[in-house]
Amino acid sequence: MREKGEAGVIGLAVMGQNLCLNMNDHGYKVIAFNRTWSTVENFLKGPAKGTAIVGADSLTSLVNKLKRPRKILLMVRAGEVVDTFVNNLSLLLDEGDIIIDGGNSNYEDTVRRVDMLEKKGILFVGAGISGGEEGARRGPSIMPGGNPKAWPEVKELLQDISARAEDGEPCCDWVGPGGAGHFVKMVHNGIEYGDMQLISEAWQFMRDGLKLTNDEMADIFRKWNETELDSYLIEITADILNYREKESGEHLIDNILDAAGQKGTGKWTGMDALDKGIPLTLITEAVFARCISALKEERVDAARIFEKKIEPVTGDSDQIKAWVEMLREALLASKIISYAQGFMLMREASETYNWNLNYTQLAKVWRAGCIIRSAFLSDIAEAFTSEPDIPFLGSAPWFRKQLLGNMDSWRKIVVKSVEIGLPMPAMTSAITFLDGYTCASLPANMIQAQRDFFGAHTFERVDKPRGEFFHTDWSGHGGKTSSTTYEA
Ligand code: 6PG
């Protein structure tokens with residue numbers, strides 16, 4: 001081989017293969033490695049045939065075939081496998097070389113790897129890559145973070161292979177130091193869970209509540225895609241509802257078991273929100289909704305025991321149309337809450353870890369290539385441009401207008417769902433969140449009184465400055481000593 005490679009890719013599952021091909025399309029000489037040589041061979045003989053992609057049969061060979069500073073993209077399973085490759089590579093690489101982890105790694109692992117490799121002079125980047133197979137091949141959204149010294153070296157490569165927004169900007173920008181890139185990808189995935197759950201709830205309302213057919217619902221989703229809801233997930237939902245199995249002509253969706261899988265990034269988002277004390281209710285409900293769905297056999301038994309029936313909504317075709325429009329408005333309002341909560345979590349993380357996240361930039365990076373791409377992300381980018389420190393996205397003018405304008409429909413849908421026994425945990429949690437967040441006087445003083453009554457946990461008073469704590473001997477036989485104050 002005369003010329004050395006410009007990028008190495010480790011892990012030739014579908015994402016890794018497609019990223020190799022994508023880099024090759026952009027004129028980069030790629031060296032590909034996989035633990036099993038036959039996978040490399042099959043790739044070179046198959047999808048990579050006729051390209052400039054070269055295989056490597058060992059890590060040493062991969063490293064030797066790359067130009068310095070070496071840029072190696074890891075596309076392997078998150079967790080121990082990443083550590084194994086990082087450790088093995090660290091013995092072979094030179095100072096200034098770069099490892100990019102493009103998997104769905106936990107951001108805390110990324111923090112650890114950045115620090116560990118920094119000590120050896122190797123630059124580690126944790127890059128969230130979204131867009132699935134198609135995105136990897138044609139241009140994903142990329143969220144790189146980690147050792148900032150790596151960015152000038154990898155910027156061109158990552159931006160070249162990323163998706164482009166309508167205005168031509170690459171959907172890849174530096175997110176921040178440490179685990180910032182993988183954190184943002186984790187929140188992206190959490191939002192993805194929320195969007196998918198909301199769409200599924202709307203679909204169930206139409207299917208079981210309004211008794212619409214798959215073809216009718218496909219048309220509705222297609223029309224919704226021409227509104228503020230314009231997004232990749234709405235678009236594929238319409239396609240899914242239209243899809244019929246070749247042999248039977250039946251809609252495939254009706255033959256898919258209603259038990260959702262999950263690989264963990266949604267759960268991490270919820271867990272992180274609990275750790276940071278951020279009310280990320282919608283995404284967390286979406287994770288639990290997948291958990292309930294997985295209890296298929298128990299649900300089937302319980303449905304029998306409780307003689308469960310969902311009473312359809314009655315009405316003529318105009319009334320049904322009106323319900324569909326209300327549902328669209330409820331979906332939009334709920335989606336706003338989900339994104340607003342996601343941005344609240346990112347804001348808290350940014351402050352906690354000094355990441356200095358740029359929310360306009362993040363919204364822009366998600367405009368194309370990724371699973372949650374949608375028209376609405378441009379409105380988010382605009383909101384954060386006008387007010388970068390806005391604590392709640394829902395308060396930005398465009399979003400506030402949508403929330404207020406759609407409020408009636410949103411309430412009617414949630415009330416109706418409860419009335420007819422149709423579960424809508426995400427939409428319900430969304431309105432409950434807004435009702436709580438906009439309530440200047442919550443019943444938490446009762447909780448404080450109860451805590452102080454039974455455990456001398458103290459309370460603050462409305463007529464005293466914040467931060468002063470009081471204890472009362474409520475029953476007349478308690479002590480005067482209060483318990484230590486600490487926050488979980
Ligand atoms: C993406 C996706 C991708 C993957 C999810 C699926 O951005 O391209 O989010 O990362 O499809 O991790 O997650 P679950 O299996 O947990 O639904």
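Report on the accompanying structure. Bear in mind that the values here come from a model prediction, so they are computed numbers and not experimental data.

Another point: a negative patch on the surface. Where like charges cluster on the molecular surface, the negative patch consists of Glu166, Glu226, Asp230 and Glu235. Here Glu235 lies in helix H10 (residues 232-242).

A few words now on the site of the ligand. Around the ligand there are 14 residues in total, and Ser130, Glu192, Tyr193, Lys263 and Arg290 lie nearest to it. At 2.9 Å from an oxygen atom of the ligand is found a side-chain nitrogen or oxygen belonging to Lys185. Glu192 places a side-chain nitrogen or oxygen 2.6 Å from an oxygen atom of the ligand. When the free accessible area of the ligand is taken as 410 Å², the share hidden by the protein chains comes to 80%. Counting residues per element, the shell around the ligand draws most heavily on helix H8 (residues 180-209), which supplies five residues. Of the residues belonging to the shell around the ligand, the class tally is two nonpolar, eight polar and four charged.

Before going further, it helps to examine the nonpolar core. Of all hydrophobic cores here, the largest spans 87 residues; its most connected members are Trp224, Met346, Trp366, Ile380, Trp410 and Met427. For this core, the leading source of residues is helix H14 (residues 317-353), giving 18 residues. For Met346, the contacting residues outside a window of four places in its chain are Phe183, Val184, Val187, Leu357, Tyr359, Leu362 and Trp366. Core analysis: the second largest hydrophobic core is formed by 32 residues, Val9, Leu73, Met75 and Ala150 among them.

This part is about the side chain of Lys335. Along the chain, Lys335 turns up in helix H14. On the basis of relative accessible area, Lys335 is assigned to the buried category, the value being 6%. In this view, Lys335 contacts Asp195, Leu198, Leu229, Ser231, Ser374 and Phe376; residues no more than four positions away in its chain are not counted.

On to unusual backbone geometry, then. Here Arg68 and Pro69 are connected by a cis peptide whose omega angle stands at -10 degrees. For Pro69, the position within the fold is in the loop between helix H3 (59-64) and strand S4 (71-74). Phi angles above zero are rare outside glycine, and Glu307 is one such case at about 45 degrees. Along the chain, the position of Glu307 falls in the loop between helix H13 (296-305) and H14. Even without being a glycine, Ala456 presents a positive backbone phi close to 50 degrees. By secondary structure assignment, the location of Ala456 is in the segment after helix H20 (444-455).

So, on to helix H9 (residues 214-224). Among the residues of H9, those classed as buried are Asn214, Met217, Ala218, Ile220, Phe221 and Trp224. Buried residues of H9 fall within an arc of 160 degrees about the axis and therefore sit on the same side. Where H9 is buried, its residues contact H8, H10 and H14.

Along the chain, Arg113 turns up in helix H5 (residues 107-118). With 240 residues separating them in the primary sequence, Arg113 and Tyr353 have C-alpha atoms 16 Å apart. Polar side-chain contacts of Arg113 include one of 3.2 Å to the backbone oxygen of Gly79.

The tally for this structure, following the rule as stated, stands at 27 salt bridges. Note that Arg207 and Asp208 form a salt bridge whose closest N and O atoms lie 2.9 Å from each other. Judged by its relative accessible area of 15%, Asp208 falls in the buried class. As a salt-bridge pair, Arg244 and Asp215 come within 2.9 Å of each other at their nearest N and O atoms. On the criterion of sequence distance, the pair formed by Arg244 in the loop between H10 and helix H11 (265-276) and Asp215 in helix H9 is long-range, its members being 29 residues apart. Judged by relative accessible area, Asp215 falls into the partly exposed class, the value being 32%. Linked by salt bridges that have partners in common, Asp83, Asp101, Asp109, Arg112 and Arg113 make up one network.

Definitions and limits used
Residues numbered from 1 in each chain as written. Predicted model: local features only at pLDDT ≥ 70, side-chain atom pairs only at ≥ 80, totals over all residues. Heavy atoms only, no water. Patch = residues over 30% accessible without salt bridge, like charges linked within 9 Å, V, L, I, M, F, W, Y side chains within 5 Å. Areas by Shrake-Rupley, 256 points an atom, 1.4 Å probe, with all protein chains shown as cover. Salt bridge = Lys/Arg side-chain N within 4 Å of Asp/Glu carboxyl O. Lys, Arg positive; Asp, Glu negative; His and termini not counted. Charge placed at Lys NZ, Arg CZ, Asp CG, Glu CD. Helix = DSSP H or I, 4+ residues; strand = E, 2+ residues; numbered from the N terminus. Near = heavy atom within 4 Å. Polar contact = N/O pair within 3.5 Å; in protein donor to acceptor, adjacent residues only side chain to side chain. Nonpolar A, V, L, I, M, F, W, Y, C, P; charged D, E, K, R; others polar. Core = buried A, V, L, I, M, F, W, Y, C linked by side-chain atoms within 4.5 Å. Buried < 20%, exposed > 50% of the residue type's maximum accessible area, 1.4 Å probe, protein only. Contact = heavy atoms within 4.5 Å. Arc of directions from axis to C-beta.

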